[in-house]
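# Geometric and topological summary
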Amino acid sequence: MQLIDGKAVAAQIRREIAEEVVQIKAAGGKTPHLAAVLVGHDGGSETYVANKVRACEEVGFKSTLIRYEEDVTEKELLACVERLNQDAGVDGFIVQLPLPGHISEAKITEAIDYRKDVDGFHPVNVGRMSLGMPCFLSATPAGIIELLRRYNIETKGKHCVVLGRSNIVGKPVSMLMMQKATPGDCTVTVCHSRTRNIKEICLQADIIIAALGVPEFLRGDMVKEGAVVIDVGTTRVPSDKTKSGFKLTGDVAFNEVAPKCSWITPVPGGVGPMTIVSLLRNTLLAGKKAIYV
Ligand code: GUN
């Protein structure tokens, strides 16, 4: 079994991006600028957004954090999105999800100019991704593909089983894995909460991408010898062994599954560190107007 070290790959890509930013600035180009909108004080969202802003600063981007209280109206948030759409100084922006129940996430996502949608959540970007066209890829699917690419893991003609059908991971990663590309060219099966015989299907998989959000769902007896396992799960499980009071737990029972794998991602340190890097890459592309003019 070999570990896929997402932390090391992410650090390498951050260095590559930082070098490119130095070159852009030296040539008198525009410093890429990411804005992040955070509504309320959810602990997870606070941490994620703080990490995104810090990552921007570390690679030399400009970043702006815009905060609203939990009771912001949908109209006010839509007006903020419109201001950012119009602001030529902002190359890309994100509205951190989840949003409070009185605000439609779909409405906000669609209001974002797809040319600044560095989350890759806008229907135009999702549609272009499905068609294999240039677009902003969403962070987690892009991170998974980049790990497979950097580790030269063979995907062509393999059977890839995706566990989970979420809009932000399961659906897009299944599209990318079936795409005529490298990595890609897989035969893809998508399983979800209503799937029968999940164990039998997983046992046929050469590659399993577990993105259900169910801690330790994938057990040792569900995986064939030599499989590649990508664990997207990041559930905060209470723990008295850590300072924060919780432990990040994946969708894979690592101790049972790892001995059977050719390659496996750990949690933490696998897919997680790659997601912010994908956002940085999209912001760099937005700054360079590399995808949309
Ligand atoms: N909430 C959880 N993940 C994400 C993400 O990648 N982008 C945004 N905007 N919100 C999230």
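Going by the structure above, here's the rest.
A few points on the structure.

Cut-off values and rules
Residues numbered from 1 in each chain as written. Predicted model: local features only at pLDDT ≥ 70, side-chain atom pairs only at ≥ 80, totals over all residues. Heavy atoms only, no water. 1 Å grid on protein atoms, 1.4 Å probe; cavity = no way out; pocket = protein on both sides within 12 Å on 5 of 7 lines; lining within 4 Å. Points joined across faces, edges and corners; volume = space filled by probe spheres on them. Helix = DSSP H or I, 4+ residues; strand = E, 2+ residues; numbered from the N terminus. Near = heavy atom within 4 Å. Polar contact = N/O pair within 3.5 Å; in protein donor to acceptor, adjacent residues only side chain to side chain. Areas by Shrake-Rupley, 256 points an atom, 1.4 Å probe, with all protein chains shown as cover. Nonpolar A, V, L, I, M, F, W, Y, C, P; charged D, E, K, R; others polar. Salt bridge = Lys/Arg side-chain N within 4 Å of Asp/Glu carboxyl O. Buried < 20%, exposed > 50% of the residue type's maximum accessible area, 1.4 Å probe, protein only. Pairing = 2+ DSSP bridges. Axes fitted to C-alpha atoms, helices over the stretch in contact; angles between N-to-C directions. Contact = heavy atoms within 4.5 Å. Parallel < 35°, antiparallel > 145°, perpendicular 65-115°, else oblique. Left-handed = near helix turned anticlockwise from the far one by under 90°.

The subject of this paragraph is empty space enclosed by the protein. All chains considered together, the criterion is met by one cavity of 30 Å³ or more. Roughly 60 Å³ of internal volume is contained in the largest cavity. Lining the largest cavity are Phe 93, Ile 94, Val 95, Leu 97, Ile 108, Thr 109, Ile 112, Asp 117, Asp 119 and Phe 121. Among the elements of the structure, strand E4 (92-95) and helix H4 (105-111) are those that each provide at least two residues to the lining of the largest cavity. The biggest single contributor to the lining of the largest cavity is E4, with three residues.

Surrounding the ligand, one finds Lys 52, Val 95, Gln 96, Leu 97, Asp 119 and Phe 121. Leu 97 places a polar main-chain atom, nitrogen or oxygen, 2.9 Å from a nitrogen atom of the ligand. At 2.6 Å from a nitrogen atom of the ligand is found a side-chain nitrogen or oxygen belonging to Asp 119. Relative to its unbound accessible area of 280 Å², the ligand is 78% covered by the protein chains. Split into classes, the residues belonging to the shell around the ligand amount to three nonpolar, one polar and two charged.

To continue, consider the pattern of salt bridges. Counted according to the given criterion, the structure contains 14 salt bridges. The partner of Arg 115 in a salt bridge is Asp 113, and the shortest N-O contact between them spans 2.9 Å. Overall, the relative accessible area of 15% leaves Asp 113 in the buried class. Salt-bridge contacts for Glu 146 lead to Arg 150; the nearest nitrogen and oxygen are separated by 2.9 Å. With a gap of four residues between them, Glu 146 and Arg 150 both fall in helix H6 (residues 139-150), about one helical turn apart. Several salt bridges share partner residues, and in doing so they unite Glu 16, Glu 146, Arg 149, Arg 150 and Arg 281 into one network.

Each strand in a sheet pairs with its neighbour through backbone hydrogen bonds, running either in the same direction (parallel) or in the opposite one (antiparallel). In spatial order, the strands read E3-E2-E4; together these three strands make up an open sheet with parallel pairing. Looking along the sheet, the strands with just one partner apiece sit at the ends: strand E3 (62-68) and E4. Each neighbouring strand pair of the sheet contributes to a mean axis angle of 15 degrees, computed without reference to strand direction. Helix-sheet contacts for helix H2 (residues 43-58) involve strand E2 (33-39), E3 and E4, and the interaxial angle to E3 is about 160 degrees.

Bringing the packing of H2 against helix H10 (residues 272-287) into the picture now. Put simply, H2 and H10 touch, their axes get as near as 10 Å, and they point 55 degrees apart. Overall, the two elements H2 and H10 adopt an arrangement that is oblique. Where H2 crosses over H10, the handedness of that crossing is right-handed. Seen from H2, the contacting residues are Asn 51, Lys 52, Ala 55 and Cys 56; seen from H10, they are Ile 276, Leu 279 and Leu 280. For the contact of H2 with H10, the residue count by class is five nonpolar, one polar and one charged.

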